[in-house]
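Now for the letters of each chain:
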Amino acid sequence: MVDVVDQLAEQEEPMTSTKPYEISKRKVLEAYRKVRANEGSAGIDGESIEMFAADLQGNLYKLWNRLSSGSYFPPPVREVSIAKKQGGVRKLGVPTVADRIAQELVKQRIEGDLEDLFHEDSYGYRRGKSAEQALGVTRQRCWKFCWAVEFDIRRAFDELDWELLSRAIHKHVKDPWALLYLQRWLKASAVNEEGQRVERSAGVPQGSVIGPVLMNLYLHYAFDAWMQREYPQLPFARYADDAVAHCRSEAEAQQLLQAIQARLKQCKLVMHPEKSGVVYCQPNRRSRPEYSPIQFTFLGYTFRPRRSGKARTSFLPAVSREAIKEMYSEMRQWKLPRQSSVSLVELARRYDPILRGWLEYYGMFYRSALRVVFDHFDRLLAHWARKKYRRLTRHPRRSHMWVRRVAQRSPRLFSHWLLFGTATVRTMGAV
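Per chain, residues are indexed from 1 in the order of the written sequence. Totals for whole chains, interfaces and linings use all residues, but because this is a predicted model, local features are given only for residues with pLDDT of at least 70 and pairs of side-chain atoms are given and counted only at 80 or more. Side-chain calculation: all heavy atoms of the structure are included, whereas hydrogens and water are not.

### Side note on the overall build of the protein chain
Counting its regular elements, the protein chain contains 16 helices and 12 strands. On the principal axes, the C-alpha backbone points of the protein chain span a range of 75 × 65 × 40 Å. Counted over contacts in the protein chain with a minimum sequence separation of 6, partners at least 24 positions apart contribute 67%. Accessible surface, the protein chain as shown: approximately 22,000 Å² in total, 48% of it carbon and sulfur. Only four residue types enter the charge count, namely Lys and Arg as positive and Asp and Glu as negative; His and the chain termini do not. Just so you know, the charge point we use is NZ for Lys, CZ for Arg, CG for Asp and CD for Glu. Across the protein chain, 71 positive and 48 negative side-chain charges occur, with their mean positions spaced 11 Å apart. Think of it this way: any DSSP run of H or I at least four residues long counts as a helix, any run of E at least two long counts as a strand, and we number them from the N terminus. Contacts between residues were defined by any pair of non-hydrogen atoms, one from each residue, lying within 4.5 Å. Per-residue and other accessible areas follow the Shrake-Rupley method at a 1.4 Å probe size, with only the shown protein chains counted as cover for residues.

What follows is the structure, given as structure tokens:
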């Protein structure tokens with residue numbers, strides 16, 4: 001059977017004067033495929049991606065028709081509260097499936113043009129850029145510069161000023177239809193978890209498809225272009241609202257910190273006081289000025305002096321304590337020992353993709369610091385074995401030996417076994 005998506009693509013026809021905006025049906029299809037690949041939950045209409053796909057041809061045609069005629073108005077986003085690592089909650093805005101497709105369509109149209117504008121050291125939400133690159137370049141620059149300024153912007157997605165953002169949008173977005181819908185998305189309302197409509201006056205919904213692109217556009221002028229103009233000799237790396245800049249002296253770093261704070265205020269943004277400061281980033285602690293911090297956290301990694309050889313210390317990134325605590329917390333939620341009714345293969349199917357994701361991200365630098373996380377998982381696995389197998393119930397040491405034997409026989413069952421093996425019996429206590 002011919003895929004319904006391909007059927008709709010075959011209907012592509014030259015645009016006529018009956019539609020005020022020339023929008024390709026094929027581009028709408030591409031946007032749908034991207035949204036489907038990214039999955040995501042339903043918006044305020046309760047329609048999932050699977051439900052949307054049940055009448056895919058009709059739904060996509062309806063969306064294309066409204067977009068190309070200028071009659072598309074974004075529905076409110078659904079507000080969802082998620083707990084923040086440092087306490088409190090973060091509000092996410094979940095658009096409907098159709099709205100995500102429309103946003104993806106505009107994103108693909110404007111993204112290429114904006115790429116030529118953005119600074120090479122802006123790494124967040126960009127094609128060909130990654131957190132790994134931001135961490136790698138920051139590590140290298142910490143070896144060359146003695147001081148660093150770390151800063152984070154408080155509630156950045158929520159506080160983007162519409163007037164300033166609109167100026168940047170009008171300057172760089174030339175397609176009338178893209179400009180029209182960007183303005184409508186800025187002012188779209190939200191529906192909170194109590195079902196009440198909430199009017200917005202600033203920011204872009206965190207969780208929207210178009211939000212990260214607009215965030216990068218705003219911060220390009222608020223920070224990147226400003227740094228390039230005012231401090232061209234000082235390199236930096238920015239990932240969304242988190243950044244690190246490098247300086248040659250403490251005085252220069254303190255002056256830059258104050259200047260960044262003033263610049264953000266001028267752009268109606270606020271520097272996070274608890275996540276910003278000046279850091280001495282050289283491995284020799286004896287030469288550091290008194291009371292100066294000697295570590296900072298960037299993208300889940302803590303940069304600080306670490307052993308890099310038998311007798312050598314270097315300023316290096318490794319997984320942060322906060323990230324480790326978060327991984328421990330997630331493992332507790334699995335309640336692994338209680339799942340004694342399922343097989344070990346099923347446990348691997350459920351949880352190894354998560355473990356592999358942690359290993360791939362937090363193991364990019366100084367991987368040995370991540371071993372404590374996987375040792376903890378193996379201890380939980382030994383506890384699971386004691387619950388499942390009667391012969392191991394009263395023998396914690398034997399259960400740990402059982403995990404080691406399984407890891408030796410089937411090292412590919414869990415991703416970390418190939419790299420770390422399992423913890424030794426001496427280091428593995430009962431859970």
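After that view, the rundown keeps rolling.
### Let's talk about the sheet that holds strand S11 (residues 301–307)
Judged by pairing direction, the sheet is antiparallel, and its 3 strands sit side by side in the order S10-S11-S12 without closing on themselves. Looking along the sheet, the strands with just one partner apiece sit at the ends: strand S10 (296–298) and strand S12 (313–319). Across the sheet, the mean angle from the axis of one strand to that of its neighbour is 45°, orientation sign disregarded. Two strands make a pair as long as DSSP finds a minimum of two bridges between them. Here S11 runs beside S12; their pairing, made up of 7 bridges, is antiparallel. Residue Arg 306 lies in a different strand from S12, and its bridge partner there is Ser 314. Fitted lines through C-alpha atoms serve as axes, helices being fitted only where they are in contact, and the angles separating the N-to-C directions of these axes extend from 0 to 180 degrees. Contacts between helix H12 (residues 321–334) and the sheet are confined to S10, S11 and S12, with S12 contributing the most and set at about 30° to the helix.

### What about the layout of surface pockets?
Over the atoms a probe the size of a water molecule is rolled, and this reveals where empty space is left. The space that makes up the second largest pocket amounts to roughly 390 Å³. Along the walls of the second largest pocket sit 19 residues, with Asn 38, Arg 100, Gly 207, Ser 208 and Val 209 positioned nearest its centre. Of all the secondary structure elements, the ones that give two or more residues to the lining of the second largest pocket are helix H2 (25–38), strand S2 (89–94) and helix H5 (97–115). Each residue receives one of three labels: charged for Asp, Glu, Lys and Arg, nonpolar for Ala, Val, Leu, Ile, Met, Phe, Trp, Tyr, Cys and Pro, and polar for the others, Gly being one of them. In terms of residue class, the lining of the second largest pocket is made up of 7 nonpolar, 7 polar and 5 charged. Cavity and pocket criteria rest on a 1 Å grid covering protein atoms alone: a 1.4 Å probe that fits but cannot get out defines a cavity, protein on both sides within 12 Å along at least 5 of 7 lines defines an open pocket, and an atom within 4 Å of a point defines a lining residue. Grid points are joined across faces, edges and corners, and a volume is the space filled by probe spheres set on the points.

### Considerations on the pairing of strand S1 (residues 77–83)
Sheet analysis places S1 next to strand S4 (residues 190–191), joined by 2 bridges and oriented parallel. From the neighbouring strand, Arg 78 faces S4, where its bridge partner is Val 191.

### Describing the packing of aromatic side chains
Ring pairs shown here join Phe, Tyr and Trp side chains whose ring centres sit within 6.5 Å, with only the six-membered ring taken for Trp; geometry is labelled stacked below 30 degrees between planes, edge-to-face above 60, and tilted in between. Within the structure shown, the criterion is met by 24 aromatic pairs. Relative to Tyr 362, the ring of Tyr 301 has its centre 6.1 Å away and its plane inclined at 35°; by these criteria the two rings are tilted. Of this pair, Tyr 301 sits in strand S11 while Tyr 362 sits in helix H13 (residues 344–362), placing them 61 residues apart in sequence. Classification of Tyr 301 as buried rests on a relative accessible area of 0%. Per-residue accessibility, obtained with a 1.4 Å probe over protein chains only, is compared with the maximum for each type, and a residue is labelled buried under 20%, exposed over 50%, and partly exposed between these values. For Tyr 362, a relative accessible area of 13% translates into the label buried.

### As for H13
The span expected for a helix works out to 1.5 Å for each residue beyond the first. Between its first and last C-alpha atoms H13 spans 25 Å; for 19 residues at 1.5 Å apiece the expected length is 27 Å, and the two agree. For H13, the complete set of buried residues consists of Leu 344, Leu 347, Ala 348, Tyr 351, Asp 352, Leu 355, Trp 358, Leu 359 and Tyr 362. Contact partners of the buried residues in H13: S11, S12, H12, helix H14 (371–388), helix H15 (396–409) and helix H16 (415–420).

### Examining the sheet that holds S4
Within a sheet, neighbouring strands are paired by backbone hydrogen bonds and run either parallel or antiparallel to one another. If you trace the 4 strands from one edge of the open sheet to the other, you get S2-S1-S4-S5, paired in mixed fashion. Two strands bound the open sheet, and with one partner strand each, they are S2 and strand S5 (197–198). Taken together, the 2 bridges between S4 and S5 define a ladder with antiparallel strand orientation. Of the residues in S5, the one forming a bridge with Ala 190 is Val 198.

### Focus on the side chain of Asn 59
Structurally, the position occupied by Asn 59 is in helix H4 (residues 56–69). Asn 59 gets classed as buried once you look at its relative accessible area, which sits at 14%. Contact partners of Asn 59, with chain neighbours within four places excluded, come to Glu 47 and Phe 52.

### Some words on the environment of Glu 132
In this structure, Glu 132 sits in helix H6 (residues 131–144). Between the C-alpha atom of Glu 132 and that of Tyr 361, which follows or precedes it by 229 residues, the distance is 8.0 Å. Ignoring anything within four residues of it in the chain, the contact list for Glu 132 reads Met 364 and Phe 365.

### With respect to the nonpolar core
We call a set of buried residues a nonpolar core when its members are Ala, Val, Leu, Ile, Met, Phe, Trp, Tyr or Cys and they connect through side-chain atoms within 4.5 Å of each other. With 71 residues, the main nonpolar core has Ile 101, Ile 110, Ile 169, Leu 182, Met 227, Leu 256 and Ile 260 as its most contacted residues. The element contributing the most residues to this core is helix H10 (residues 211–230), with 10 residues. Those residues in contact with Ile 101 that sit more than four places away from it in its chain are Val 28, Ala 31, Tyr 32, Val 35, Phe 52, Leu 60 and Leu 63. Listed in part, the 52 residues of the second largest apolar core include Leu 299, Trp 334, Leu 344 and Leu 370.

### Here's the deal with empty space enclosed by the protein
Evaluation of the coordinates by the stated rule reveals 3 cavities of 30 Å³ or more. Taken as a whole, the largest cavity spans an internal volume of roughly 70 Å³. Along the walls of the largest cavity sit 13 residues, with Gln 103, Trp 185, Pro 205, Ser 208 and Ile 210 positioned nearest its centre. For the lining of the largest cavity, the elements supplying multiple residues, two or more each, are H5 and helix H9 (176–186). Grouping the amino acids of the lining of the largest cavity by side-chain chemistry returns 10 nonpolar, 2 polar and 1 charged.

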